[in-house]
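# A look at the structure
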Amino acid sequence: QSSADGTQWFTIQKSFGPVSIQKIGVRYYQQRLWALLNASLSSGGLTIGLIGLGMGSKLTTFDPEFTITGIDITLTEGPVEVSGGLVGTIDPEVNFYGELMMQLPEFAVTALGGFAMIDKQPSFFMYATVDAPIGRAAVFLHHRPRRRARFQS
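Below is a summary of the structure that appears in this document. (Residues numbered from 1 in each chain as written. Predicted model: local features only at pLDDT ≥ 70, side-chain atom pairs only at ≥ 80, totals over all residues. Heavy atoms only, no water.)

## So, unusual backbone geometry
For Q30, which is not glycine, the phi dihedral falls at a positive 50°. Considering the arrangement of structural elements, one finds Q30 in the loop between β2 (19-29) and β3 (32-43). Given the relative accessible area of 60%, Q30 is considered exposed. The phi torsion at K120 lies on the positive side, around 65°, for a residue other than glycine. Following the sequence through the fold, K120 ends up in the loop between β9 (108-118) and β10 (121-131). The exposed category is assigned to K120, whose relative accessible area is 67%. (Helix = DSSP H or I, 4+ residues; strand = E, 2+ residues; numbered from the N terminus. Buried < 20%, exposed > 50% of the residue type's maximum accessible area, 1.4 Å probe, protein only.)

Pasting the structure below:
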């Protein structure tokens, strides 16, 4: 299957112990031949995935360049899960966007963000949500006037 950037992808879907290879790709772009790989490594509750990891070189001389399109990481340990991923480009300028999720028994946090270099100036944004009870139950918020102590002589 081909992608919009001209990469010819071949589905592999093979695992070798903790290493899993989803697909490999070949692309000829800007007088360079590129070899690309989508793969992941899992051990225990940790999984690291690499998207579009590759190396390219000119055909006339060996002049390697490296690239990556994305990375995702998930850590699961009991009721705790932390997961995040980034996708984007590193050439001609850094341009990555992603998400981060942390889920604990008491609450969860989810964030979306991005970083890009625009005209050699950094640009960053982030939005986050917290899924947790905030504050106290209404019964505790009811205000009762205090009684003043009376002193008798």
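From this point on, the discussion continues.
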